[in-house]
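# Commentary on secondary and tertiary structure
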Amino acid sequence: MSESRPIVIGSGPIVIEGAYVATVDAARTEHTTGHVVVHGNRITAVGAGPAPDVEGAEVIDGRGCLLTPGLVNTHHHLYQWITRGLAADSTLFEWLQTLYPVWAGIDEDSVRTAATGGLAWLAKHGCTLTTDHHYVVPRDGGDVFAAEIDAARVVGLRFHPTRGSMDLGRSSGGLPPDSVVETLDGALTGTADAIARWHDDSPDSMLRIGVAPCSPFSVTTELLRESAALARESGVLLHTHLAETLDEEQFCLDRFGCTPVEYMREVGWLGDDVWFAHAVHLDDAAVETMASTGTGAAHCPTSNARLGAGIARAADLHAAGVRLGLGVDGAASNEACSMIEEARHATLFARARGGPDAMSVRTALELATIGGARVLGRDGDLGSIEPGKLADLALWRVDALGHAGITDPVAALVLGATPPLERLFVDGRVVVESGRTVTVDEESVAREVARAHDALVAGAG
Ligand SMILES: [Zn+2]
């Protein structure tokens, strides 16, 4: 079977019972043997013990499982799913210089293939809401942004793609080759069009658009300022890469005479409608600035380690009250792209850096769920298991060989190997069942991804 088959299960109510329920609510309520009831796309009941009788419900046996909120990914580049494994041993700037010419060859077909593979994989690892940061817009590549939105509809994830842009090519002192950058006007028009065409700010929204110039070393100051104005006129969020490497800090010091966070203040890019990917190289003043302005961050520990960029001060950011979520980052710098690995790496790296008390497993689970929802402005409707919230839920099997006998199911999830995913619900609909993403045919997607990778790399050679 090769065609995509969107699936709609659970038009009637759903009851999950017998699972260990980690609600991730403000009180960190957990039920050793609990239940959750879903009507339509909303959670209607959560509690200890068996569920009340719900007429006509599909009852899911959660014994041997841990139920958590769906994981929220706050930084990604889905198109990179077809450029994995390149420049495997390089710094960020070398890696970018190797990959820009490859990325310059993407088009709407290859982006659809990449996004379908990347989203299906995120789903298999418990992710229900993901952002994307798409900043490579080749002139003759067709509508690459529409392609990834189509892919998200097919796979069935809640999607917050950000329309990225670059307008500072190599000839102007930037890092990317001129062939992959847009003009200032082209970038702003493309971004405004994307907001007008797709942004849905309703509470149940499956699709929200953000504005995301790529980074200080690939966009002009004008594009940053104009993007902020556009986002604020439109009521959408702002996102960019910031303080990822020491090279970037040096670039900002040389070019602007200030650190990356100071530069962001200068261009009006601080506030509760902004989040930065990475935020690795921050001094105490930068941490305080982010906290006091409500600026959020996507902590991407695996990608930062893969590129040797450093280890972000996640525990300090969290302690300072910075809105903090986790991100897999693009697959070209994190071939695994598993949100549950990000939670594990966040915990381990925080402790390696700051000692055994630096981050608890429950804090890591919060960052992966409600923390991410806060970063994306969705914590009123998502990120915890509470009556009235949207039914984005992950049911993990923790009674098989890898996890049976681990005392604490939350520790099993965060510190153990990634458990098999019994079910994943997005908006009350099943997207993963018994470890397989059921909305697409995984084998044919894998074949298409391999073909697209080979064609793209051959084209760049
Ligand atoms: Zn990134």
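Structure shown above.
I will try to describe carefully the structure that is included in this document. (Residues numbered from 1 in each chain as written. Predicted model: local features only at pLDDT ≥ 70, side-chain atom pairs only at ≥ 80, totals over all residues. Heavy atoms only, no water.)

## Describing the side chain of H345
Relative to the helices and strands, H345 is located in helix α11 (residues 339-354). Not counting the four nearest positions on each side in its chain, H345 is found in contact with P301, T302 and A350. (Helix = DSSP H or I, 4+ residues; strand = E, 2+ residues; numbered from the N terminus. Contact = heavy atoms within 4.5 Å.)

## Digging into the packing of helix α2 (residues 108-124) against helix α14 (residues 442-460)
The geometry of α2 relative to α14 is characterised by a closest axis approach of 9 Å and an angle of 135° between their N-to-C directions. As the angle between them shows, α2 and α14 are arranged oblique. Between α2 and α14 lies a crossing whose hand is left-handed. Residue-level inspection shows T113, T116, G117 and K124 of α2 in contact with α14, the latter providing E442, V445, E448, V449 and A452. (Axes fitted to C-alpha atoms, helices over the stretch in contact; angles between N-to-C directions. Parallel < 35°, antiparallel > 145°, perpendicular 65-115°, else oblique. Left-handed = near helix turned anticlockwise from the far one by under 90°.)

## Re the coordination of the zinc ion
Around the zinc ion, the protein contributes the donor atoms H75 (NE2), H77 (NE2), H241 (NE2) and D329 (OD), which lie 2.0 to 2.3 Å from the metal centre. Here the zinc ion binds four donor atoms, and the angle range of 90 to 174° at the metal identifies the geometry as irregular. Donor residues for the zinc ion, ordered by position in the chain, follow H-x1-H-x163-H-x87-D. Pair noted here: H241 is in strand β10 (residues 238-242) and D329 is in the loop between β13 (324-326) and α11, with a separation of 88 residues, a long-range link. (Donors = N, O, S within 2.8 Å, 3.2 Å for Na, K, Ca; no water. Tetrahedral: all angles 85-135°; square planar, octahedral: opposite > 155°, others 65-115°.)

## Some words on the environment of A400
Along the chain, A400 turns up in the loop between β14 (393-397) and α13 (409-415). The class of A400 is partly exposed, set by a relative accessible area of 33%. In sequence terms A400 and P50 are 350 residues apart; their C-alpha atoms lie 23 Å from each other. (Buried < 20%, exposed > 50% of the residue type's maximum accessible area, 1.4 Å probe, protein only.)

## Points about the pattern of salt bridges
Tallied over the entire structure, the rule returns 25 salt bridges. Among the ionic pairs, R232 bridges to D273, the shortest N-O distance being 2.8 Å. One end of the pair, R232, is in helix α5 (residues 221-234); the other, D273, is in the loop between α7 (260-266) and β11 (274-278), and 41 residues separate them in sequence. (Salt bridge = Lys/Arg side-chain N within 4 Å of Asp/Glu carboxyl O.)

## Re the layout of surface pockets
Of the pockets and cavities examined, the largest pocket occupies roughly 310 Å³. Surrounding the largest pocket, 19 residues form its lining, V137, G142, R163, E182 and G190 being those nearest its centre. Counting only elements with at least two residues in the lining of the largest pocket, the list comes to α3 (144-155) and α4 (184-198). Per-element tally for the lining of the largest pocket: the top contributor is α4, with five residues. Classifying every residue of the lining of the largest pocket gives eight nonpolar, five polar and six charged. (1 Å grid on protein atoms, 1.4 Å probe; cavity = no way out; pocket = protein on both sides within 12 Å on 5 of 7 lines; lining within 4 Å. Points joined across faces, edges and corners; volume = space filled by probe spheres on them. Nonpolar A, V, L, I, M, F, W, Y, C, P; charged D, E, K, R; others polar.)

## Regarding α11
Compared with the 22 Å implied by 1.5 Å per residue over 16 residues, the 22 Å span of α11 between its first and last C-alpha is a close match. The set of residues buried in α11 consists of M339, I340, E342, A343, R344, H345, A346, T347 and A350. Taken from the residues just after α11, G355 is the one with a positive phi, measuring 95°. (Expected span 1.5 Å × (residues − 1).)

## Quick notes on empty space enclosed by the protein
Throughout the structure, instances matching the rule amount to three cavities of 30 Å³ or more. The wall of the largest cavity is formed by 17 residues, among which L92, L96, Y135, H241 and E244 lie closest to the centre. Among the elements that line the lining of the largest cavity, the one with the most residues is helix α1 (residues 92-103), at four residues.

## As for the environment of S333
Tracing the sequence through the fold places S333 in the loop between β13 and α11. Overall, the relative accessible area of 1% leaves S333 in the buried class. Separated by 27 residues in sequence, S333 and R306 place their C-alpha atoms 6.2 Å apart. Apart from residues lying up to four places away in sequence, S333 is in contact with Q80, W95, T302, S303, R306 and L307. Polar side-chain contacts of S333 include one of 2.9 Å to the side chain of S303. (Polar contact = N/O pair within 3.5 Å; in protein donor to acceptor, adjacent residues only side chain to side chain.)

## Details of the nonpolar core
Ranked by internal contacts, the top residues of the largest apolar core, which has 121 residues, are W103 and L119. Look past the residues within four positions of L119 in its chain and what remains in contact with it is L78, T130, E148, A151, A152, V155, L157 and F159. Counting residues in each nonpolar core, the second largest holds 17 residues, with I43, L67, I385 and L395 among its members. (Core = buried A, V, L, I, M, F, W, Y, C linked by side-chain atoms within 4.5 Å.)

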